[in-house]
Amino acid sequence: MSDAQPEVAPTSTDLDTAPPVEHVDVVVVGAGPAGTAAAAVLARAGRTVAVVDKAVFPRDKCCGDGLTTLALRELDQLGLDPADVPNWRTVESAWLRSPSGREVNVPLPPRELGLFAATTPRRELDHALVELAEREGVRLRLGQALQRVDQTADHVDVATAGAGSIRASFLVAADGMWSPTRKMLGLGESDYLGEWHAFRQYARNVTGTAAERLYVWFEPDLLPGYMWSFPLPGNRVNVGFGVPRDGSRTGKDLKALWPDLLRRPHIAAALGPAVELEDRHTAWPIPAAIDRVPLSSGRTLFVGDAARATDVMTGEGIGQALLTGRLAAEAIIDAAHLGPTDVRARYERAVRAHLFADHRMSVVLSRALAHERGARGAIRLVGLSNWTRRNFARWMFEDEPRAALLTPSRWHRGFLSQPGAYRNRP
């Protein structure tokens, strides 16, 4: 006598309670700059897009809050209006301090040529980008944690907590350095901790020069890392430091170092005697290994921190996040009709062209700045003339690619003299 049980057809009640399946062209996991950039570009091209994020916006994001020329150009192209970011502040120069104590002011081009650097709290920037994506018609699933990712030859299924699943032709993974998508696809590294430590806190009642100036301090004991103070409106600053993750410092070491850094005379003077630290300090790892991680898998493209796209010399990642998000969207728009192999090839080729040479250059420069003599020499060289100061500022804020001098294919007419972002806006 057989133990097999007869198949039971689903009842109408079963069908009524089955989790709904939403069909879109592309699903994006992560609503930070990389994810919203990809989603907005895709939606603008007529693709249906859903964005999933476990957070509800606005939400805080541990970050230095600085925007480079690369980031500003990407935001301008994307259509973000700075007026939509309440505490946006344009930066017109930077002050660099050598380990020897020498300070050099590096001016950016005048405002009429456009914007070359700015600061804005990530809480506000990311919220504005989410709203921009929504205005483009992107479907938002915020406050929904990713539960499962399944890929087949012709689609990707994404399941979220308590809200059914999404079926798409492609997935853009913009879900951070510990990307859950990457782990669910079997590509995660359980022991990966990033290439840098970063540590920051907001401060108010800044009455010293830091209220107006953007500072980068190359402290001898932080090299090749540095400390920063980025001005925000209302006499507030984002102040913090970043150091390479070389095994010599733990999170406890960074916490113990923080009050010592703030007491150093030149830093205390820049912040002023009335400065008050806000809330708690926060720390986070920075992934900067874009040349050592898979950028795609099947019908999935990794962008932003999930692609470890941060600049290994400066720790800047917003510009790279926006750029990789846009490149992923463009690859899907241009080659989706050809299939996932062509989409992956176009995306990876574009990322290599834009970022790999710059990453290698940043690695070399970081090694030079690891020693006090190298850092002192670099600041001395920067301060040689008005020309060196002006053009170093452009290079520092990624007006041109980091390794442009060594990649002739990227030379162009007007090198180091092109206008900045938002030139046509008041």
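This structure is a prediction, so every number in the text was calculated from the model and none was measured.

Caption draft 1: Spotlight on the overall build of the chain. Helices and strands together make up the secondary structure of the chain, namely 11 helices and 19 strands. In terms of overall dimensions, the chain is globule-like: its C-alpha atoms have a radius of gyration of 23 Å, near the 22 Å expected for 426 residues. Each principal axis of the C-alpha atoms in the chain carries an extent, and together these give about 90 × 50 × 40 Å. Split into buried and exposed, the 426 residues of the chain put 55% on the buried side. Residue pairs in contact within the chain that sit at least 24 positions apart in sequence constitute 72% of those at least 6 positions apart. Counting only carbon and sulfur atoms, one obtains 53% of the accessible surface of the chain, whose full area is about 19100 Å².

Caption draft 2: Inspection of empty space enclosed by the protein at higher detail. Scanning the model with the defined rule gives one cavity of 30 Å³ or more in all. Taken as a whole, the largest cavity encloses approximately 80 Å³ of empty space. In this structure, the largest cavity is lined by Met177, Trp178, Ser179, Arg182, Lys183, Gly188, Glu189, Tyr192, Ala306 and Arg308. Of the residues assigned to the lining of the largest cavity, the class counts are four nonpolar, two polar and four charged.

Caption draft 3: How the structure looks around the state of the cysteines. In the structure shown here, the tally under the stated rule is zero disulfides. Cys62 takes part in no disulfide bond, and the closest cysteine sulfur, belonging to Cys63, lies 7.8 Å away. For Cys62, a relative accessible area of 16% corresponds to the buried category.

Caption draft 4: Region of the structure containing the pattern of salt bridges. Counted according to the given criterion, the structure contains 24 salt bridges. Among the ionic pairs, Glu189 bridges to Arg308, the shortest N-O distance being 3.3 Å. Taken together, the residues Glu189 in the loop between helix H5 (180-184) and strand E12 (196-204) and Arg308 in the loop between strand E19 (300-302) and helix H8 (318-335) connect sequence positions 119 residues apart. Accessibility expressed as a relative area gives 36% for Glu189, which makes it partly exposed. The class for Arg308 is buried, based on a relative accessible area of 3%. Here Arg264 makes a salt bridge to Asp221, at a shortest N to O gap of 2.6 Å. Of this pair, Arg264 sits in the loop between helix H6 (251-263) and helix H7 (265-271) while Asp221 is found in the loop between strand E13 (214-217) and strand E14 (226-232), placing the two residues 43 residues apart along the sequence. Since its relative accessible area comes to 32%, Asp221 is described here as partly exposed. Counted as one network, the salt bridges with shared partners bring together Arg204, Arg236, Glu276 and Glu278.

Caption draft 5: Quick look at the packing of aromatic side chains. Inspection of the entire model under this criterion finds 10 aromatic pairs. When the centroid spacing of 6.0 Å and the interplanar angle of 35° are considered together, the rings of Trp228 and Phe230 count as tilted. Grouping residues by exposure puts Trp228 and Phe230 together as buried. With 5.9 Å between their ring centres and 25° between their planes, Phe241 and Trp258 make a pair best called stacked. You can see Phe241 sitting in strand E15 (residues 236-244) and its partner Trp258 sitting in helix H6, a full 17 residues away along the chain. Neither residue differs from the other here; Phe241 and Trp258 are each classed as buried. Over the face of the ring belonging to Phe170 we find Arg299, whose NZ or CZ atom lies 5.1 Å from the ring centre. Across from the ring centre of Tyr192, 3.5 Å away, lies the NZ or CZ of Arg308, which sits over that ring.

Caption draft 6: Looking closely at the side chain of Arg264. Judged by its relative accessible area of 15%, Arg264 falls in the buried class. A polar contact is formed between the side chain of Arg264 and the side chain of Glu219, at a distance of 2.9 Å. Within the structure, the side chain of Arg264 is placed 2.6 Å from the side chain of Asp221, a separation counted as a polar contact. With residues near it in sequence (within four places) discarded, Arg264 still touches Glu219, Asp221 and Leu257.

Caption draft 7: Region of interest: unusual backbone geometry. The amide bond that connects Phe57 to the next residue, Pro58, takes the cis arrangement and shows omega of 5°. Summarising the element assignment, Pro58 is placed in the loop between strand E2 (49-53) and strand E3 (66-67). For the bond from Leu223 to Pro224, the omega torsion is 0°, close enough to zero to count as cis. In this structure, Pro224 sits in the loop between E13 and E14. The residue Asn235 is not glycine, and still its phi comes out positive at about 60°. By the element assignment, Asn235 lies in the loop between E14 and E15. Owing to a relative accessible area of 41%, Asn235 belongs among the partly exposed residues under this scheme. Positive phi, normally seen in glycine, also occurs at Asp279, with a value near 50°. Structurally, Asp279 can be placed in the loop between strand E16 (276-277) and strand E17 (282-286).

Caption draft 8: Up close: helix H9 (residues 340-369). Its 30 residues give H9 an end-to-end C-alpha distance of 41 Å, which sits within 8% of 44 Å, the value for a rise of 1.5 Å per residue. At Arg352, H9 is deflected by roughly 40°, the largest bend along its length.

Rules used in this analysis
Residues numbered from 1 in each chain as written. Predicted model: local features only at pLDDT ≥ 70, side-chain atom pairs only at ≥ 80, totals over all residues. Heavy atoms only, no water. Helix = DSSP H or I, 4+ residues; strand = E, 2+ residues; numbered from the N terminus. Rg over C-alpha atoms; globule rule 2.2 N^0.38 Å. Buried < 20%, exposed > 50% of the residue type's maximum accessible area, 1.4 Å probe, protein only. Contact = heavy atoms within 4.5 Å. Areas by Shrake-Rupley, 256 points an atom, 1.4 Å probe, with all protein chains shown as cover. 1 Å grid on protein atoms, 1.4 Å probe; cavity = no way out; pocket = protein on both sides within 12 Å on 5 of 7 lines; lining within 4 Å. Points joined across faces, edges and corners; volume = space filled by probe spheres on them. Nonpolar A, V, L, I, M, F, W, Y, C, P; charged D, E, K, R; others polar. Disulfide = S-S within 2.5 Å. Salt bridge = Lys/Arg side-chain N within 4 Å of Asp/Glu carboxyl O. Phe/Tyr/Trp six-rings, centres within 6.5 Å; stacked < 30°, edge-to-face > 60°. Lys NZ or Arg CZ within 6 Å of the ring centre and 35° of its normal. Polar contact = N/O pair within 3.5 Å; in protein donor to acceptor, adjacent residues only side chain to side chain. Expected span 1.5 Å × (residues − 1). Bend = angle between axes of the 7 residues up to and from the residue.

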